[in-house]
Amino acid sequence: MNFEPSRTGTSATLVLFGLVSLSVSGLAGAHGAPDADNIPSGVVKASITEQPGIPGLSTLILDAPRPGVMLSYRGEEPITILGTDGEAFLKFNQNRVEAYTGSASWQALPSAPQGVADAASETGTWVIVSNSGSFGWLDPRLNALQDAHGDAGEFAQWRIPVKLGSGSESTSVHHIVGELTFKAFQ
């Protein structure tokens, strides 16, 4: 047997490759870039500048078009996140997170489950929103630059109060503190 490379196979492959390349570039050029309206001139970036020294507490920024906060808690005593009006908002334990449906901050969340928000009475109730000690939300305090219109370097600070302990024995209030900066697209 004679095992010599076939020259017709190589030529056919090159011709086929050339035809495919031409058709792909033609398809791409025919469609062009889509038109887009209302494109933002930049994005708001959030950062945490100070975290409370509460054992078992860790926080991070959820980087999205609208920034959010992710909090995880593995400490011994429960902690309560206070809302924008100083009201009880979220309660964290090692194995669950509860939201107070009477909180203005809870009711303002775009991510609040509709059924839970609708069930809120005038006095509100505590409902479980996570069966772990972690929960993320789009806190309104991180939306301070929502109307930024391209002034690169616009700046705002935010702070979220965290109460350590539960009920009347909790006297220790700490803060998660951060900054918002508007970054213009280049």
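Residues numbered from 1 in each chain as written. Predicted model: local features only at pLDDT ≥ 70, side-chain atom pairs only at ≥ 80, totals over all residues. Heavy atoms only, no water.

A. Region of the structure containing the overall build of the protein chain. Within the protein chain one finds three helices and 10 strands. Starting at the N terminus and ending at the C terminus, the protein chain contains elements arranged as α-β-β-β-β-β-β-α-α-β-β-β-β. Expressed as a percentage of its 186 residues, the buried residues of the protein chain come to 32%. Within the protein chain, residue pairs in contact and separated by at least 24 positions form 56% of the contacts whose partners lie at least 6 positions apart. (Helix = DSSP H or I, 4+ residues; strand = E, 2+ residues; numbered from the N terminus. Buried < 20%, exposed > 50% of the residue type's maximum accessible area, 1.4 Å probe, protein only. Contact = heavy atoms within 4.5 Å.)

B. View of the environment of Ile160. Tracing the backbone shows Ile160 in strand β9 (residues 155-164). Taking the C-alpha atoms as reference, Ile160 lies 5.4 Å from His175; in sequence the two are 15 residues apart. In contact with Ile160, other than residues within four places in its own chain, are Val69, Ile81, Leu82, Asp139, Arg141, Leu142, His174, His175 and Ile176.

C. Structural detail: the sheet that holds strand β8 (residues 134-137). Strand order across the open sheet formed by three strands is β2-β3-β8, with antiparallel pairing between neighbours. Among the strands making up the open sheet, the edge pair consists of β2 (57-62) and β8. On average, adjacent strands in this sheet sit at an angle of 15° to one another, irrespective of strand direction. (Pairing = 2+ DSSP bridges. Axes fitted to C-alpha atoms, helices over the stretch in contact; angles between N-to-C directions.)

By themselves, these observations are geometric and do not establish any function.
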